[in-house]
Amino acid sequence: MSVTRFLGPGWASVHGPTDERELALWTLDAGFAGIAVGPSPRPIAWRVLRAQLADLPFRLPAVFVPGPNAGLASPNAGDRLASMETLRAAAREAMALGVGVLVIEPGVVRVAGEVRADDVTDRAADWSGDYAQALVARRGAALDQTLDRACRALFDLSRAVPDLVLALSPSRKVTGLGAPGTLATIFEDLPNCRLEFWANPAIAACRQTILGEDPGVWLEQFADRMAGITLSDAAEQSTDLPPGAGVVDYGMVASYLPREATLPGVVELDPAVPVAELAGVHSFLAKFGL
């Protein structure tokens, strides 16, 4: 197993040059093979960047669709239509850029009643008492119908963009469908679609903190269909920390990765992390063959 390191778009857009070609050269000089496509504080002209790469060993490994795609499996047809259009637009962008992987959070379950907290990465969220487990139970009440709608939507999207891999990622939301059991169901129900898994150990660590999920379960179940991995760390519901600065067990992560594959690993950091941290990031990941 080997991992090719890429930068995440958020951190790169804040710290890198504004000129697209200079951004590419700066990324290569920093020891990365390219930048993942996705939302960023400073917009990057991806097509301009792509057009200037013919003479550079620079790649765009994946397109990250923003947000939890809350409407993907909504009972409201208008919400589903809007979410699908967002996904189709992201797919069109991926194809225009020559990128073969679209990373998606696969929707959320609309639960009855008030939701005071849902995002496991929200440091201000109130998870007191048994609220998280109660929310999981409320999610379960509408899960089957939501899964049916999500599978239909993903099937339709896969048919519309057969050349793209749709990589499903862990959900930041407790009500999300990106949980080990529900992802397994989606993969089982859509065996003929190009569905794969995009690992995010930092999100898995936050889900462990809030929900008690074993972070090793993700890799144990889905390592054989992994399309890539986000390399960051988590502590106290904060994500996008430098690998090694939080609670993620990267030794365990490395032990589960496929032995005969080269995967893209996207290092996405909080914009507040200084450029000087990159040397330590490379050194830490190299210890684990990442």
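All values reported here derive from a predicted model rather than from experimental measurement.

Right, let's talk about the layout of surface pockets for a bit. Here the idea is plain: a probe the size of a water molecule rolls over the atoms and shows the empty space left. Counted as a void, the largest pocket has a volume near 520 Å³. Along its surface, the largest pocket is lined by 27 residues, and Pro 39, Phe 64, Arg 172, Asp 240 and Glu 268 are the ones closest to its centre. For the lining of the largest pocket, the elements supplying multiple residues, two or more each, are helix H1 (9-15), strand S3 (101-104), helix H8 (201-211) and strand S8 (238-241). The leading source of residues in the lining of the largest pocket is H1, at three residues. Class assignment for the residues of the lining of the largest pocket results in 15 nonpolar, eight polar and four charged.

Time to look at the side chain of Arg 5. In this structure, Arg 5 sits in strand S1 (residues 2-7). Of the side chains bearing the opposite charge, Asp 233 lies closest to the buried Arg 5, which forms no salt bridge; the N-O distance is 14 Å. At 2.7 Å, the side chain of Arg 5 and the side chain of His 282 are in polar contact. For Arg 5, the side chain forms a polar contact with the main-chain oxygen of Leu 290, separated by 3.1 Å. Those residues in contact with Arg 5 that sit more than four places away from it in its chain are Phe 32, Ala 33, Gly 34, Gly 265, His 282, Leu 285, Ala 286 and Leu 290.

It is worth spelling out the nonpolar core at this point. Counting 90 residues, the largest nonpolar core has Leu 102 and Ile 186 as the members making the most contacts within it. Contacts of Leu 102, omitting those with residues within four sequence positions, involve Val 63, Val 65, Leu 87, Ala 90, Ala 91, Ala 94, Val 165, Leu 166 and Ala 167. Ranked by size, the runner-up nonpolar core spans 12 residues in total, among them Phe 64, Val 101, Ala 227 and Val 266.

So, about the pattern of salt bridges. Oppositely charged side chains can form a pair if their charged atoms are brought close together. If you walk through the whole model with that rule in mind, you get eight salt bridges. As a salt-bridge pair, Glu 105 and Arg 172 come within 3.0 Å of each other at their nearest N and O atoms. One end of the pair, Glu 105, is in the loop between S3 and helix H5 (131-141); the other, Arg 172, is in the loop between strand S4 (165-168) and helix H7 (180-189), with 67 residues separating them in the sequence. Note on Glu 105: relative accessible area 9%, which makes it buried. The residue Glu 236 makes a salt bridge to Arg 123 at a minimum N-O spacing of 3.8 Å. With Glu 236 in the loop between strand S7 (233-235) and S8 and Arg 123 in the loop between S3 and H5, the pair connects residues that are 113 residues apart, well separated along the chain. The same class applies to Glu 236 as to Arg 123, namely exposed.

Rules used in this analysis
- Residues numbered from 1 in each chain as written.
- Predicted model: local features only at pLDDT ≥ 70, side-chain atom pairs only at ≥ 80, totals over all residues.
- Heavy atoms only, no water.
- 1 Å grid on protein atoms, 1.4 Å probe; cavity = no way out; pocket = protein on both sides within 12 Å on 5 of 7 lines; lining within 4 Å.
- Points joined across faces, edges and corners; volume = space filled by probe spheres on them.
- Helix = DSSP H or I, 4+ residues; strand = E, 2+ residues; numbered from the N terminus.
- Nonpolar A, V, L, I, M, F, W, Y, C, P; charged D, E, K, R; others polar.
- Buried < 20%, exposed > 50% of the residue type's maximum accessible area, 1.4 Å probe, protein only.
- Lys, Arg positive; Asp, Glu negative; His and termini not counted.
- Salt bridge = Lys/Arg side-chain N within 4 Å of Asp/Glu carboxyl O.
- Polar contact = N/O pair within 3.5 Å; in protein donor to acceptor, adjacent residues only side chain to side chain.
- Contact = heavy atoms within 4.5 Å.
- Core = buried A, V, L, I, M, F, W, Y, C linked by side-chain atoms within 4.5 Å.

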